[in-house]
Amino acid sequence: MRVISKSPKIRFLLAMLAVSAAGSLPAQQQNLNDPNIVVEGVPIPDPSTMTKGPEIKGVISARTGNRIKVTAADGTSTIIGISDATRITSAAGLFGSNRGKLTADALLNGLPVTVKTLQPAEGQYSALVASQVNFRNSDLKTATMIRNATDQRFEEQTAATESLRGALGDIDKYNIKSTTNVHFDTGKTELSAEDKAHLCSTASTAEATENALMLVVGYTDSTGSDDFNQELSEKRANRVINYLQQACGWKPYRMLTPTGMAKADPAASNDTPEGKAQNRRVAVNILVSKSLDNL
């Protein structure tokens, strides 16, 4: 279902998020300086001193130095160290044939990976360590194309980018083209088949709109504590973003910084089950700067 949001709260939120997102657009295709993964002066332990850890599947969502953050489809993130002993391989063809060994330079943001890990002893290191990182050649090619296209976009169109940033600073200069809401069960983050279809349809429509950006905002109903709802709303937003990018092909550099609004700005009353069902949502807002709209 598509609705156009007229809420003053969402307009204020859009303005605040847009300012931070504009300054971060070029960096999204390079290393993301996530404070959660910056640890200085801590060497990765010898693999022989560690035990087998869990296998992690997801998309590389940040990288700093010898650490990557891998975000799974359910929105959870895991910090993983990369050492000289980490085996990095790509595969192509039926059943993963044609494997080749690569360097850590291939671990780009937006790359879907499967990571076999090692678990350091307590006090050795503050993250899991990758023994092997696997991905498909086609996924690496896509991640490389996105990075190169973004680099070119911001190197060759500096003046246009600065103009866009200026427009992002004032929500009154934005046209909200549409808002698509997807809904969730109580306490859950799973997307239904119908919602997945709506998301890809939204992405396809937005793709045909030149200069369109997406802003994804997660919400909850009033059930549960404030801390629980804040975390849940963020997980829902991340789940939607991951699906839009991985399944629907929406480019990361056209995504504004997401947020979770917990139970704020309800779409309906939380006094009834029907109202709560409407409030357990993620809003996908399609925005175009008025200065660029209809050009």
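Above this note sits the structure.
Here's a quick rundown of the structure. (Residues numbered from 1 in each chain as written. Predicted model: local features only at pLDDT ≥ 70, side-chain atom pairs only at ≥ 80, totals over all residues. Heavy atoms only, no water.)

Quick notes on the nonpolar core
Put simply, the rule reads: Only buried Ala, Val, Leu, Ile, Met, Phe, Trp, Tyr and Cys residues count toward a nonpolar core, and they belong to the same one when joined by side-chain atoms within 4.5 Å. Residue burial is assigned from relative accessible area. The probe radius is 1.4 Å, only protein chains are included, and a residue is buried under 20% of its type maximum, exposed over 50%, and partly exposed in between. The secondary structure listing takes helices from DSSP runs of H or I that are at least 4 residues long and strands from runs of E that are at least 2 residues long, numbered from the N terminus. The contact rule is simple, with two residues in contact once any of their heavy atoms fall within 4.5 Å.
Counting 20 residues, the largest nonpolar core has Leu199, Met214, Val216, Val240, Leu244, Trp250 and Val284 as its most contacted members. Every element with two or more residues in this core is listed here: helix 4 (193-207), strand 10 (213-218), helix 5 (226-246) and strand 12 (281-289). If sequence neighbours within four positions are ignored, Val216 has contacts with Ala237, Val240, Ile241, Leu244, Met255, Pro258, Thr259, Val282, Ala283 and Val284. Judged by nonpolar contacts, the second largest core, of 17 residues, contains Val70, Ile80, Leu108 and Phe135.

As for the packing of helix 4 against helix 5
Cut-off, in case you're wondering: Fitted lines through C-alpha atoms give the axes, limited to the stretch in contact for helices. The angle between two N-to-C directions lies from 0 to 180 degrees. Orientation labels follow simple angle bins: below 35 degrees gives roughly parallel, above 145 gives roughly antiparallel, 65 to 115 gives roughly perpendicular, and whatever is left gives oblique. The handedness criterion is simple: a crossing whose near helix is rotated anticlockwise from the far helix by less than a right angle is left-handed, and one whose near helix is rotated clockwise is right-handed. Classification used: nonpolar for Ala, Val, Leu, Ile, Met, Phe, Trp, Tyr, Cys and Pro, charged for Asp, Glu, Lys and Arg, polar for all others including Gly.
Taken N-terminus to C-terminus, the directions of helix 4 and helix 5 make an angle of 60 degrees; their axes are 10 Å apart at the nearest point. Considered as vectors, helix 4 and helix 5 are oriented oblique to each other. Helix 5 is crossed by helix 4, and the crossing has right-handed handedness. Of the residues in helix 5, those in contact with Lys196, Leu199, Cys200 and Ala203 of helix 4 are Val240, Tyr243 and Leu244. Residue composition of the contact of helix 4 with helix 5, grouped by class: six nonpolar, no polar and one charged.

Structural notes on the state of the cysteines
What counts, and what does not: Throughout, disulfides are identified as pairs of cysteine sulfur atoms within 2.5 Å of each other.
Scanning all chains against the criterion turns up one disulfide. Put simply, Cys200 and Cys248 are joined by a disulfide, and their sulfur atoms are 2.2 Å apart. Torsion about the S-S bond of the Cys200 and Cys248 cystine: about -85 degrees, corresponding to left-handed handedness. In this pair, Cys200 is assigned in helix 4 and Cys248 in the loop between helix 5 and strand 11 (259-260), connecting sequence segments 48 residues apart. Its relative accessible area of 25% is what places Cys200 among the partly exposed residues.

Thoughts on the side chain of Thr189
In this structure, Thr189 sits in the loop between strand 9 (174-183) and helix 4. Of the residues examined, Thr189 reaches a relative accessible area of 10% and is grouped as buried.

Comments concerning the packing of aromatic side chains
Inclusion rule: Here a pair means two rings of Phe, Tyr or Trp (six-membered ring of Trp) with centres within 6.5 Å. Their orientation is stacked below 30 degrees between planes, edge-to-face above 60, and tilted elsewhere. In this scheme, Lys NZ or Arg CZ marks a charge over a ring once it lies within 6 Å of the ring centre and within 35 degrees of the ring normal.
The full count for this structure, using the stated rule, is zero aromatic pairs. Cation over ring: Arg281 sits above Tyr219, and NZ or CZ is 3.8 Å from the ring centre.

A few points about helix 5
Selection rule: Any helix carries an expected span of 1.5 Å times its number of residues minus one.
Taking 1.5 Å as the rise per residue, helix 5 with 21 residues should run 30 Å; its terminal C-alpha atoms sit 30 Å apart, in good agreement. Taken together, the buried positions of helix 5 are Asn229, Leu232, Ser233, Arg236, Ala237, Arg239, Val240, Ile241, Asn242 and Leu244.

What to know about the pattern of salt bridges
How we decide: Each reported salt bridge corresponds to a side-chain nitrogen of Lys or Arg within 4 Å of a carboxyl oxygen of Asp or Glu.
The final tally for this structure, using the stated rule, is four salt bridges. With a shortest N-O distance of 2.9 Å, Asp221 and Arg280 are connected by a salt bridge. Taken together, the residues Asp221 in the loop between strand 10 and helix 5 and Arg280 in the loop between helix 6 (273-279) and strand 12 connect sequence positions 59 residues apart. Take Asp221 and Arg280: they sit in the same class, and that class is buried. Here Lys263 makes a salt bridge to Asp226, at a shortest N to O gap of 3.3 Å.

Description of the pairing of strand 10
Our working rule: Strands are labelled as partners when DSSP assigns at least two bridges between them. With the strands pointing away from the viewer, any crossover whose connection runs clockwise from the first strand over the helix to the second is right-handed.
Burial within strand 10 is extensive, with six of its six residues counted as buried. Side chains Leu213, Leu215 and Val217 of strand 10 all project onto a buried face; the interleaved residues Met214, Val216 and Gly218 project onto the opposite face, where all are buried too. As paired elements, strand 10 and strand 12 share six bridges and run antiparallel to each other. Among the inter-strand pairings, Val217 is bridged to a residue of strand 12, identified as Ala283. Note that strand 10 and strand 11 share two bridges and pair parallel. Considered in strand 11, the bridge of Val217 is made with Thr259. Handedness of the crossover is the feature at issue here: the chain leaves strand 10, passes through helix 5, returns alongside strand 11, and the resulting connection is right-handed.

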